[in-house]
Amino acid sequence: MKMTGAQIICECLAKEGVDVIFGILGGAILPLYDTLPQYPQLRHILTRHEQGAAHAAEGYARATGKVGVCMATSGPGATNLVTGIANAHLDSSPMVAITGQVARPFIGKDAFQEVDITGITLPITKHNYLVLDTGSLARTVKEAFYLARSGRPGPVLIDVPRDVFIEEAEFNYPGKVDPPGYKPTLHGHPAQIKKAAKLINEARQPLILAGRGVIISQAWNELKQLAETAQIPVVTTLLGIGCFPESHILSFGMVGMHGMAYANMAVTNADVLIAIGMRFDDRATAKVSGFAPNAKIIHIDIDPAEIGKNVRVDVPIVGDVKNVLKELNKLITPTEHIDWFEELDNQRKEHPSTIIREEDGLLPQLVVNKIYEATGGEATIVTGVGQNQMWAAQHYWYNRPNSFISSGGLGTMGFGLPASIGVKIGCPDTTVWCIDGDGSFQMTIQELATIVQEKAAVKIAIIDNGYLGMVRQWQELFYEKRYVATRITGPDYVKVAEAYGIPALRVKYKGEVEPAIERAMAEPGPFLIDFVVESEENVYPMVPPGAALSEVMEAPRKKAKALSDSAKLPTSNI
Ligand SMILES: Cc1ncc(C[n+]2csc(CCOP(=O)(O)OP(=O)(O)O)c2C)c(N)n1
Ligand SMILES: [Mg+2]
């Protein structure tokens with residue numbers, strides 16, 4: 001059956017189960033947009049900037065596990081997607097980006113709004129295509145979705161010239177695609193799994209270090225089974241947060257630059273480290289020569305390119321985390337590690353890491369903690385980048401799988417607000433809180449309009465410290481307090497929100513925090529709270545750049561006193 005290129009794309013999207021597309025149109029992609037009304041199952045969400053479309057598509061993808069789709073026109077529309085595509089690439093999020101291109105006869109002529117977007121995105125996509133033959137469109141779209149979601153997920157870009165959208169071709173949807181040279185290894189090698197099991201069964205001080213791969217693979221039950229059977233403590237990377245319940249008795253929090261001191265010490269003292277679905281990012285390992293110096297390392301990852309890339313590994317297992325853990329669990333003998341737990345518990349008592357000082361001023365950590373209490377941990381938290389992100393990671397207990405969504409690899413300020421829209425659109429029944437920095441928020445502030453137009457009931461908490469706070473912290477600690485270009489002003493966020501049609505409140509005092517959060521939760525639609533917090537508060541613990549995980553700086557102790565019911569310590573085995 002003959003169809004236009006635009007119809008072929010829409011047919012393919014519908015067949016792939018796409019229900020939401022985020023984007024902004026323009027001349028080159030207009031024929032595709034013109035076809036959308038023929039496919040009412042494809043809901044289009046108009047963002048206010050293409051970066052917002054890409055982040056929203058990623059938020060949607062991360063929350064639902066489905067492929068996120070974004071679209072943009074040629075030239076500036078396409079280049080505006082670039083940061084969002086790079087973000088999805090570094091955080092292994094499944095995404096298909098469709099860009100319009102100038103018509104085929106104009107390619108290479110510096111035509112109006114022509115950029116070589118496949119050239120630009122080559123290093124930040126899993127794969128990309130410039131479609132010059134309308135007859136190959138269906139296969140290309142099918143392949144793009146397959147690549148985006150299979151193996152290690154990632155973004156795939158399809159660049160489509162304007163005349164290809166308009167030209168007719170025979171529509172045949174391929175049942176299966178088999179891109180040459182692409183065969184992700186899904187099952188771990190049995191001999192390697194056996195070796196790993198032996199190491200685990202004989203370990204005295206084993207530790208699981210779990211990353212985002214556990215979430216992508218939805219392997220939280222298998223992970224729990226491994227940890228509980230062999231009584232192995234679990235620490236996570238930043239993006240691993242939410243793969244293991246944080247109030248579980250075996251949970252020892254997050255590792256890395258702003259990880260818990262006791263989690264970093266656990267890595268330093270472990271004799272067997274089981275690294276699962278993580279890639280030894282430098283924020284997680286700190287100085288590599290000081291990373292897990294006493295441990296034999298087992299590394300489970302679907303991407304063979306990650307094995308031995310940053311850290312020496314004793315037993316690599318390439319495969320999908322869920323499949324590998326299923327096989328591994330069959331070989332694990334129930335064990336106890338009483339002395340090891342005693343050591344870890346003592347470390348945690350001596351280095352509590354997430355205690356919130358008792359202080360008259362409004363501390364950002366308290367804001368996060370109160371959001372946790374008000375939501376009962378049932379919300380999905382989406383963050384900006386900087387101190388706000390680290391406080392959100394540290395002071396909320398993530399017990400629900402995949403309830404923390406943050407820009408880890410690229411560290412993209414501006415990710416939070418649009419990503420939270422994607423999360424809410426993908427999971428409308430979930431409470432979504434965007435905990436953002438005042439700097440990060442101002443990078444994509446225009447997406448407030450998208451929230452209103454799409455009636456996305458996102459709750460926004462701005463951690464308003466008047467600084468590009470994380471950089472200010474580095475200036476304070478490592479540049480003798482020379483605060484160059486980190487003081488940041490902003491508009492009256494309450495007025496801005498109200499101008500967009502979003503109810504809002506400003507909170508300056510401790511006592512106002514809880515009522516404001518309750519007010520936001522009571523509102524059926526979106527709500528914004530501007531939390532004007534202590535401006536020079538620092539994130540601790542901190543491993544200084546270049547130091548090892550064991551060389552962690554902790555919060556100055558003098559004034560520290562636990563808020564008895566809110567310090568983040570495990571209470572129950574859930
Ligand atoms: C797009 C982008 N530009 C610059 C940076 C570098 N950077 C990292 S954290 C940070 C400060 C973030 O400020 P804010 O959003 O107010 O968060 P805070 O640290 O104050 O909580 C900056 C500038 C970045 N991560 N992303
Ligand atoms: Mg700030």
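Located above this text is the structure these notes cover.
Residues numbered from 1 in each chain as written. Chains lettered and ligands numbered in written order. Predicted model: local features only at pLDDT ≥ 70, side-chain atom pairs only at ≥ 80, totals over all residues. Heavy atoms only, no water.

Here we take up the sheet that holds strand 11 (residues 251-254). Spatially, six strands are ordered 11-10-9-12-13-14 in an open sheet, and the strand pairing comes out parallel. Either end of the sheet is taken by a strand with one partner, and the two such strands are strand 11 and strand 14 (315-318). Each adjacent strand pair in this sheet contributes to an overall mean axis angle of 15°, direction not counted. Pairing of strand 12 (residues 272-276) with strand 13 (residues 296-301) involves five bridges; the strand directions are parallel. The residue bridging Leu273 from the neighbouring strand is Ile297, located in strand 13. Taken strand by strand, helix 11 (residues 220-229) contacts strand 9 (206-210), strand 10 (234-236) and strand 12, and its axis lies near 165° from that of strand 9. Set on the sheet, helix 14 (residues 321-330) makes contact with strand 12, strand 13 and strand 14; between it and strand 13 the angle comes to about 130°. (Pairing = 2+ DSSP bridges. Helix = DSSP H or I, 4+ residues; strand = E, 2+ residues; numbered from the N terminus. Axes fitted to C-alpha atoms, helices over the stretch in contact; angles between N-to-C directions. Contact = heavy atoms within 4.5 Å.)

This part covers the side chain of Asn402. Tracing the chain through its elements places Asn402 in the loop between helix 17 (387-394) and strand 16 (404-405). Among the residues examined, Asn402 registers a relative accessible area of 14% and is labelled buried. A polar contact is formed between the side chain of Asn402 and the backbone oxygen of Arg62, at a distance of 2.7 Å. Here Asn402 is in contact with Arg62, Ala63, Ile215, Trp220, Gly242 and Thr380, once residues within four sequence places are set aside. (Buried < 20%, exposed > 50% of the residue type's maximum accessible area, 1.4 Å probe, protein only. Polar contact = N/O pair within 3.5 Å; in protein donor to acceptor, adjacent residues only side chain to side chain.)

It is worth spelling out the packing of aromatic side chains at this point. Two measures describe an aromatic ring pair: the distance that separates the ring centres and the angle between the ring planes. A full pass over the atoms with the stated rule returns 13 aromatic pairs. An angle of 75° between the planes, with centres 6.4 Å apart, marks the rings of Phe252 and Tyr262 as edge-to-face. Here Phe252, found in strand 11, pairs with Tyr262, found in helix 12 (residues 261-269); they are ten residues apart in sequence, far enough to count as distant. According to the relative accessible area criterion, Tyr262 is buried, its value standing at 4%. Among the aromatic residues, those joined into a ring-pair cluster are Tyr372, Tyr396, Trp397, Tyr398 and Phe404. It is Arg348 that lies over the ring of Tyr262; its NZ or CZ is 5.6 Å from the centre. Between Arg487 and the ring centre of Tyr467, over which it is positioned, the NZ or CZ distance is 4.8 Å. (Phe/Tyr/Trp six-rings, centres within 6.5 Å; stacked < 30°, edge-to-face > 60°. Lys NZ or Arg CZ within 6 Å of the ring centre and 35° of its normal.)

Once that is clear, we can look at the pattern of salt bridges. Applying the stated criterion to the full structure yields 30 salt bridges. Glu16 serves as the salt-bridge partner of Lys142, at 3.9 Å between the closest nitrogen and oxygen. Remark: Glu16 occurs in the loop between helix 1 (5-15) and strand 2 (20-23) and Lys142 occurs in helix 7 (residues 137-149); sequence separation between them is 126 residues. Taken individually, Lys142 and Glu16 each receive the classification buried, so the pair is uniform in this respect. We note a salt bridge from Lys66 to Asp19, for which the minimum N-O separation is 3.4 Å. Note that Lys66 is positioned in the loop between helix 3 (50-64) and strand 4 (68-72) and Asp19 in the loop between helix 1 and strand 2, a separation of 47 residues in sequence. (Salt bridge = Lys/Arg side-chain N within 4 Å of Asp/Glu carboxyl O.)

Let us now look at the nonpolar core. With 63 residues, the main nonpolar core has Ile208, Ile276, Phe291, Ile298 and Leu328 as its most contacted residues. The element contributing the most residues to this core is helix 12, with six residues. Non-local contacts of Ile208, meaning those with residues more than four positions away in its chain, are made with Leu223, Leu226, Ala227, Ile232, Pro233, Val234, Val235, Ile274 and Ile276. Membership of the second largest hydrophobic core comes to 39 residues, among which are Ile85, Ile460, Tyr493 and Val494. (Core = buried A, V, L, I, M, F, W, Y, C linked by side-chain atoms within 4.5 Å.)

Here we take up the sheet that holds strand 17 (residues 432-437). Taken together, the six strands give an open sheet; going across it, the order is 16-15-17-18-20-19, and neighbouring strands pair in parallel fashion. The strands lining the two open edges of the sheet, one partner per strand, are strand 16 and strand 19 (504-507). One ladder, built from five bridges, connects strand 17 with strand 18 (residues 459-464); its direction is parallel. Looking at the pairing, Trp433 lines up with Lys459 of strand 18. Most of the contacts of helix 22 (residues 493-500) go to strand 19, to which it runs at about 175°, and overall it touches strand 18, strand 19 and strand 20 (527-532).

Attention shifts here to the pairing of strand 17. With respect to burial, strand 17 is a largely interior element, six of its six residues being buried. Here strand 17 shows two buried faces, one formed by Val432, Cys434 and Asp436 and the other by Trp433, Ile435 and Gly437.

With that settled, consider helix 12. Along helix 12, eight of the nine residues are buried, which leaves the element largely enclosed by surrounding structure. Of the positions making up helix 12, those classed as buried are Ala261, Tyr262, Ala263, Asn264, Met265, Ala266, Val267 and Thr268. On its buried face, helix 12 sits against strand 9, strand 10, strand 11 and helix 15 (338-350).

Limitation: the analysis is restricted to geometry and does not speak to function.
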